[in-house]
Amino acid sequence: MEKLPPLAPVPPPTVQKSISHDEWESFLDAWILLLGIRIGASDSVFKEVVCKDESTSGFLSSFYQQLATTNEPGLRTGAKARTLRKLCFLLTRRLLLDAPTSPSGLLDWNVLGAMCSCYPSSPALKRLLSEAWDRHHEAITPSLEKAKSLVIKRLSIPNSPGNSEVMSDIRLLTILSSALPPCGQVLMAGSDFLDTLSDAYQSEKRVDFRKVLVANVYVGLISLLKGTKPNLSLLLDQLFSLKASAGVGTPTAKKEPTILSDLICSSDLLARLERYLIVHPQKRGQDLLSSLRSYRDESKAFHHRYQKQRKKTDKGKGRVPDLPTVGNMHVHRMSLVTQVQDLFPDLGSGYIVRLLDHYGDNPETVVAHLLDNSLPPELQELDRSEELPVSQTTSRHDPLPPHSTPPEIPSPPAPAPARKNIFDDDVDLAELARSADQTSQGKLRFGRGDPALTADAILADRSQHAVNKAAIMSALAAFDSDDDEHDDTYDVADVGGTVDGLTAATDAEADTDIRTRRAEDLDMTLFQAYKANPALFARDSATRRSQPRASLKRETGMTDEAIEGWGVMLARDSKRLAKLEDRFAMAAGAPGGALAQPELPSTAYRKPGPREDGESDSDSDQPSSASGGRG
């Protein structure tokens, strides 16, 4: 059978920088095409050709290692890069699960750790690694043992210049153990690896290096509690070993940070161990847990809890970006971006805006340079997938708002408008009575203007008589006696008879009185029916269909529910019942049920007056109280 075209490995970062954008795009297209052919191959072709192709495993190994260790945008940004990552995962899954033999190139701990770095927090990756461990754990375990010996050898060299490489290897082992707990169990087997990390922690004072060591020990110890067969005894043995190395509980113990104190103070190891011991109690574990708690309280001053940094909310206080936001861009400028993006959909709107700025908002020139690949180097180095920033909901504060130079002189304020009055056109009687003397006009005086002038002199002075009389007559002619509201209380001619001396109540008071009288009449009607037959207010269907109830509903205009509710409330309120009893007694004999209090004659003494023929004294029918009076 013919062989498939080989896959070239991913070049290192130094080579990638010398590759042009178009050539890199052609590389991505070729890789995507060849990966798709291998993934879509039949089972027979896949087992006979793809699994024996060394270029496939070489490409996947180089891809994962380059993607995990470098930050080149060629493998991270863009739609083609995302497609390439997906196809690599699918092909790796088929090689690990469907290959008849173990693919040695993909089962190395470096490749598996880099793969975990490329797909962080992926449930599909964890399932794949779990299935791959079940099938190929015989090949993965020797690779992990080699990694342990390599790390132990490098950490045993004091002041080794390769500490950065050791940190990178330990990080990969930590990531791999977190995604695949059996790998952590292999690392924790034996005491040489853990003792080496403990000694390196004491000899190395750098905080970042110590964090890498603590993270690896934490993930490895936690992995002993995971899986179908947890190994609690190994976990307790390793903790006892670390406790003995730190000298916990001995009089010669030094008050200094150790890898055990950092582990129990900076992580939730003791909390996880406590939860496990609650389900699986063990005396040895409980004693160790209590002693480690005491040691944690003593070592809190040296460490702080490792916590993930919270993302700060954007309050709009950052620096303004050099690109305009989508909301602030002019519609015409946005249409130019759309024209270019229709031809090159892989370009971001922010990158197109930078091209338009460089070529003076000429989309034809931009398209021509893109087709000829003749862009300047400074534009080729930019991120082609850059998008325009989204407009913020909160307005940004400008620390230097623009001011006019020199500052504008404030214009004088406009005069306040003159207030109008309905009495502006009225004749002022004070002006008419003001003296005609020019020297005295416009002056305000208190008291008499001329103290020597008497009333006789004023009446005798006829020099201004005609003028004063004309002024008075003109004022009287201008005065309207009906300008105010006319009071027709005593206009008999207008009302056509005598006028009632009582002041009429307002409309609101009259309405209130009418409603009050209606309510009282309604209460009396209901109470009369209640006194006559209390069963009329029963709450059953027979009473509701009876003729008396229907008559009461027509008379009062109330519903069955309202009538029955009135009866219930009356039975509950004894004061109201007594009040209605009194009113019913007072209304006895009055027409229509109205109140009819008997009139009581006056008993005051009145002197009998002369009688006229045909009249009778009003007091003649009453017994005289003259003899019994106080006079």
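Residues numbered from 1 in each chain as written. Predicted model: local features only at pLDDT ≥ 70, side-chain atom pairs only at ≥ 80, totals over all residues. Heavy atoms only, no water.

## Side note on the confidence of the model for the chain
Threshold: Confidence of the predictor at the level of single residues is captured by pLDDT, which takes values from 0 to 100. The criterion used for residue contact is that any of the two residues' heavy atoms lie within 4.5 Å.
This prediction gives the chain a mean pLDDT of 76; 75% of its residues lie at or above 70. Confidence drops under pLDDT 50 across residues 435–442; counting only partners more than four residues distant or on other chains, this segment forms six contacts. Segment residues 612–631: pLDDT under 50, and eight contacts once partners within four positions in sequence are set aside and those in other chains are kept.

## As for unusual backbone geometry
Applicable threshold: Working definition: helices are DSSP H or I runs of at least four residues, strands are E runs of at least two. Numbering for both runs from the N terminus.
Here the phi dihedral of D361 falls at roughly 55 degrees; this positive angle occurs in a residue that is not glycine. Considering the arrangement of structural elements, one finds D361 in the loop between helix 17 (349–358) and helix 18 (363–372).

## Looking at the environment of D192
Within the secondary structure, D192 is located in helix 10 (residues 192–203). Linking D192 and I152, residues 40 residues apart in sequence, is a C-alpha distance of 7.9 Å.

## Structural notes on the side chain of S143
Which entries qualify depends on this criterion: Here a polar contact means two N or O atoms within 3.5 Å. Within protein one must be a hydrogen donor candidate and the other an acceptor candidate, and residues neighboring in sequence count only if both atoms are side-chain atoms.
Along the chain, S143 turns up in helix 7 (residues 123–156). Here D108 takes part through its side chain, which lies 3.4 Å from a polar atom of the side chain of S143. Of the polar contacts made by the side chain of S143, one reaches the backbone nitrogen of W109; its length is 2.9 Å. Once residues lying within four places of it in the same chain are set aside, the contact partners of S143 are L107, D108 and W109.

## A short note on the environment of C183
Within the secondary structure, C183 is located in helix 9 (residues 181–188). On a C-alpha basis, the gap between C183 and G220 in space is 8.1 Å, while along the polypeptide they are 37 residues apart. Those residues within four positions of C183 in sequence are excluded, and the remaining contacts are W133, L144, L176 and S177.

## A short note on the packing of helix 27 (residues 560–572) against helix 28 (residues 574–586)
As a reminder of what qualifies: Geometry is summarised by axes, namely lines fitted to C-alpha atoms with helices restricted to the contacting stretch, and by angles between N-to-C directions that run from 0 to 180 degrees. Any angle that falls under 35 degrees is termed roughly parallel, while one over 145 is termed roughly antiparallel, one within 65 to 115 roughly perpendicular, and all others oblique. As a working rule, the residues Ala, Val, Leu, Ile, Met, Phe, Trp, Tyr, Cys and Pro are called nonpolar, Asp, Glu, Lys and Arg charged, and the rest polar, with Gly in that last group.
Remark: helix 27 packs on helix 28, axes separated minimally by 5 Å, with the N-to-C direction vectors making an angle of 100 degrees. Taken together, the axes of helix 27 and helix 28 are roughly perpendicular relative to one another. Between helix 27 and helix 28, the residues in contact are W566, M569, L570 and R572 and S574, R576, L577 and L580, respectively. For the contact of helix 27 with helix 28, the residue count by class is five nonpolar, one polar and two charged.

## Side note on the pattern of salt bridges
What counts here: What counts as a salt bridge is simple: a side-chain nitrogen of Lys or Arg found within 4 Å of a carboxyl oxygen of Asp or Glu. Residue exposure (1.4 Å probe, protein chains only): buried if accessible area is under 20% of the type maximum, exposed if over 50%, otherwise partly exposed.
A complete count under the given rule lists 17 salt bridges for this structure. Here K80 ties to D29 by a salt bridge, and the two come within 3.0 Å at their closest N and O atoms. With a gap of 51 residues between them, K80 in helix 5 (residues 79–98) and D29 in helix 2 (residues 21–39) connect regions that are remote in the sequence. On the basis of relative accessibility, which here comes to 38%, the residue D29 falls in the partly exposed class.

## Quick notes on the packing of helix 10 against helix 11 (residues 207–223)
What counts here: Note: crossing handedness is left-handed where the near helix turns anticlockwise from the far helix by less than a right angle, and right-handed where it turns clockwise.
Closest axis-to-axis distance for the helix 10/helix 11 pair is 10 Å, and the angle between their directions is 155 degrees. Of the possible angle classes, the one that applies to helix 10 and helix 11 is roughly antiparallel. Read as a crossing pair, helix 10 and helix 11 show a hand that is left-handed. Between helix 10 and helix 11, the contacting residues are F193, L194, L197, A200, Y201 and Q202 on the first element and F209, R210, L213, V214, N216 and V217 on the second. Its residues assigned to classes, the contact of helix 10 with helix 11 comprises nine nonpolar, two polar and one charged.

## A short note on the nonpolar core
Selection criterion: Grouping buried Ala, Val, Leu, Ile, Met, Phe, Trp, Tyr and Cys residues that are joined through side-chain atoms within 4.5 Å yields what is termed a nonpolar core.
Membership of the largest hydrophobic core comes to 96 residues, with the highest contact counts inside it found for Y64 and L84. Of the residues forming this core, the biggest block, eleven residues, is contributed by helix 7. Discounting chain neighbours no more than four positions away, the residues touching Y64 are C88, F89, T92, V111, A114, M115, C118 and Y119. If you look at the next biggest cluster of nonpolar residues, it comprises 17 residues, including L336, V337, V366 and L379.

## Remarks on the environment of R210
Topologically, R210 is positioned in helix 11. The buried category is assigned to R210, whose relative accessible area is 12%. A sequence separation of 52 residues divides R210 from D262, and the C-alpha atoms of the two residues are 9.0 Å apart. When neighbours within four sequence positions are excluded, R210 is seen to be in contact with Y201, Q202, E204, K205 and P257.

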